[in-house]
Amino acid sequence: MRLLKKSLATAVATLALVAGGAFTAAPASAAGYNGACGAGYGVVNAAQVPNNLGTVFLTYNNSNGYNCAVTIRNNPGPSVRMDVWLRRAGDPPSLQQDMGVYISYAGPVYVYGRGSCMQWGGSIDGNEVNPISLPCN
């Protein structure tokens, strides 16, 4: 009888939490890296585009010393303005950028980065990721 009361109390408490809204739906999943930079590139950082539109990924290839960046939409669909950019910190001429109207992703763009800190960012449909200055290779 004691076990039955304890099980019943647990069930009632669980039901109360669910009814009270203690459980919330999981957020929409972020875009996964799609391998656009090619073989040997691994993700070293990522930033979410506002309004859950996608993700800007920064990758690095240890064998050749290049960084690569790509902006990927969460939900590909009708073409929208997108961009991605990458440069060595403090070196404006190293800027590489891809801007256009795309269905699923902008980029990739590549900049040699061994021994350098990188600045990178991107946007989807006017929603910009603030410039990020990470990491240093």
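On a predicted model such as this, the values are computed, not experimentally measured, just so you know.

Conventions adopted
Residues numbered from 1 in each chain as written. Predicted model: local features only at pLDDT ≥ 70, side-chain atom pairs only at ≥ 80, totals over all residues. Heavy atoms only, no water. Helix = DSSP H or I, 4+ residues; strand = E, 2+ residues; numbered from the N terminus. Buried < 20%, exposed > 50% of the residue type's maximum accessible area, 1.4 Å probe, protein only. Polar contact = N/O pair within 3.5 Å; in protein donor to acceptor, adjacent residues only side chain to side chain. Contact = heavy atoms within 4.5 Å. Disulfide = S-S within 2.5 Å. Pairing = 2+ DSSP bridges. Axes fitted to C-alpha atoms, helices over the stretch in contact; angles between N-to-C directions.

(A) Structural detail: the side chain of Gln119. Mapped onto the elements of the fold, Gln119 is located in strand 7 (residues 118-124). Using a relative accessible area of 17% as the deciding quantity, one classes Gln119 as buried. In this structure the side chain of Gln119 is engaged in a polar contact, spanning 2.7 Å, whose partner is the side chain of Arg87. When near neighbours in sequence (up to four residues on either side) are disregarded, Gln119 contacts Trp85, Leu86, Arg87, Arg88, Ala89, Gly90, Ile132 and Ser133.

(B) Representation of the state of the cysteines within the structure. Applying the stated rule across the entire model yields 1 disulfide. Put simply, Cys37 and Cys68 are joined by a disulfide, and their sulfur atoms are 1.9 Å apart. Between Cys37 and Cys68, the disulfide has an S-S torsion of -80 degrees and is therefore left-handed. Placement of Cys37 in the loop between helix 1 (2-19) and strand 1 (42-49) and of Cys68 in strand 3 (residues 66-73) is noted, with a sequence separation of 31 residues between them. Here Cys37 matches Cys68 in class, with each residue buried.

(C) Focus on the side chain of Asp98. Residue position: Asp98 is located in strand 5 (residues 96-102). Engagement of the side chain of Asp98 in a polar contact is seen with the side chain of Tyr102, the distance being 2.7 Å. The residues contacting Asp98, other than those within four sequence positions of it, are Met82, Asp83, Val84, Ala106, Gly107 and Val109.

(D) Seen up close, the sheet that holds strand 3. Strand order in the open sheet made by the 4 strands is 1-2-3-6, with antiparallel pairing throughout. Each edge of the open sheet is held by one strand with a lone partner, namely strand 1 and strand 6 (105-112). The mean inter-strand angle of the sheet, taken between neighbouring strand axes irrespective of direction, is 15 degrees. Relative to strand 2 (residues 54-61), strand 1 is paired through 7 bridges, and the arrangement is antiparallel. Its bridge partner being in strand 2, Val43 is matched across the sheet by Thr59.

Worth remembering: the numbers are spatial, not functional.
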